[in-house]
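Examining the three-dimensional arrangement
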Amino acid sequence: MSSNQTKLTLKQMAKIPTVDLSPFLREGSEDEKRKIVDTISEACCMYGFFQIVNHGVPLDLTSQALKVSKSFFESPAEAKLKCCPLPNAPVPAGYNKKPNPSYEFNEYLIMLPPASDFNIFPDNPPEFREVMEELFSQFLKIGMVVEKILSECLGLPPCVLKEFNNDRSWDFLIAISYLPATEKERIGANPHKDVSCFTIVLQDEVAGLEVEKDGEWILIAPQPGALVVNIGDVLQVLTNDKFKSPRHRVLRPHGRSRNSFAFFHNLSGDKWIQPLPQFTKQIAEPPKYRPFLYKEYLQKRRESKSKHVTRLEDEITISHYAIPEE
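Because the structure is a prediction, the values reported are computed rather than measured.

Brief notes about the pairing of strand 2 (residues 49–53)
With respect to burial, strand 2 is a largely interior element, 5 of its 5 residues being buried. Side chains Phe49, Gln51 and Val53 of strand 2 all project onto a buried face; the interleaved residues Phe50 and Ile52 project onto the opposite face, where all are buried too. Relative to strand 2, strand 1 (residues 18–20) is paired through 3 bridges, and the arrangement is parallel. When the bridges of strand 2 are listed, Asp20 appears paired with Val53. Pairing of strand 2 with strand 10 (residues 227–231) involves 4 bridges; the strand directions are antiparallel.

Brief notes about the nonpolar core
Ile40, Met132, Phe139, Ile142, Leu150, Leu173 and Phe261 are the most contacted members of the largest nonpolar core, which totals 68 residues. At 12 residues, helix 6 (residues 128–153) tops the list of elements feeding residues into this core. Dropping the residues within four chain positions of it, Leu150 is found in contact with Ile40, Cys44, Leu161, Phe198, Ile231, Leu235 and Phe243. Membership of the second largest hydrophobic core comes to 22 residues, among which are Ile110, Ala189, Val228 and Ala262.

Some remarks on the packing of helix 3 (residues 30–46) against helix 6
In the contact formed by helix 3 and helix 6, the axes pass within 9 Å of each other and the chain directions differ by 80°. With respect to helix 6, the axis of helix 3 lies roughly perpendicular. Residues Arg34, Val37, Ile40, Ser41 and Cys44 of helix 3 form the contact with helix 6, whose own contacting residues are Ile149, Leu150, Glu152 and Cys153. Looking at the contact of helix 3 with helix 6 residue by residue, the class counts come to 6 nonpolar, 1 polar and 2 charged.

A word on the pairing of strand 8 (residues 209–213)
Of the strand pairs in this sheet, strand 8 and strand 11 (residues 248–251) are connected by 3 bridges, and their pairing is antiparallel. Pairing of Glu210 across the sheet is with Arg249, part of strand 11. Relative to strand 9 (residues 216–219), strand 8 runs antiparallel, the two sharing 4 bridges. Bridge assignment links Glu210 to a residue of strand 9, and that residue is Leu219. Hairpin geometry of strand 8 and strand 9 is characterised by an intervening segment of 2 residues between the two adjacent antiparallel strands and by a positive phi of about 55° at Asp214.

The rules behind each value
- Residues numbered from 1 in each chain as written.
- Predicted model: local features only at pLDDT ≥ 70, side-chain atom pairs only at ≥ 80, totals over all residues.
- Heavy atoms only, no water.
- Buried < 20%, exposed > 50% of the residue type's maximum accessible area, 1.4 Å probe, protein only.
- Helix = DSSP H or I, 4+ residues; strand = E, 2+ residues; numbered from the N terminus.
- Pairing = 2+ DSSP bridges.
- Core = buried A, V, L, I, M, F, W, Y, C linked by side-chain atoms within 4.5 Å.
- Contact = heavy atoms within 4.5 Å.
- Axes fitted to C-alpha atoms, helices over the stretch in contact; angles between N-to-C directions.
- Parallel < 35°, antiparallel > 145°, perpendicular 65-115°, else oblique.
- Nonpolar A, V, L, I, M, F, W, Y, C, P; charged D, E, K, R; others polar.

In structure tokens form, the structure reads like this:
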């Protein structure tokens, strides 16, 4: 890598802000909280991504989660296939794999809320289930804190997003392993936008997650103890495009695998989604999206993914529900 390329990479890495959330987890001053809200507001408007530290999720837990995940994905194929999803699951909880040469190179295990009967966990490592359930619980807690902060960023009354989105049964957690890059292919996850309200990501030390900004891919460099947060499609619609769901991707590393977790802070599938009145009627702005049922959107997205769509313009997105400008 040339010195110019190195400088560019460092410049790109510095763009995504890292925010200390401790004032929201203790009795921080209003001034401290306001600075956090301002920083996250700017990040959500510019990139749709930010990182958080001192978020309350124990470091020993995140380290152990990455360790047991790596151990599971390195186990024999026959052991992993015993964790394949059960039929008729609302989300295919369990193990799956996508080594499609024209699509993506990763394998993953989806976990629904701990009480779900559809969850399937491996026997080895033996602590896998306990660690996953605790990680889910911790992400659920910090998700509620992030939701409250985002409400403040949007100038909404404290409970608007919480009351609109009070069903946590559709949240889910994914453990992901990206295979090492080959000479011909580095894509681990194609450019896409998340269907969630927002997503919380735990990365290992291996870089690969990137967000697109003005045609440039910006690396979101892993930081010890940090979690990544990105805005999803639901918040883009609810805010009538004030916050944007960012296009992002994962590039696979050379010579080693990459492990991560993604927690999707979602809506109930039976929820109707449309721009909130605070971003339309109350400020005399026309809605940019027609109402749609969340589970209908999820189904259309799954159908689109099953066709191995690789171009963003061919994928079903929230633009499917956009109201044409007059």
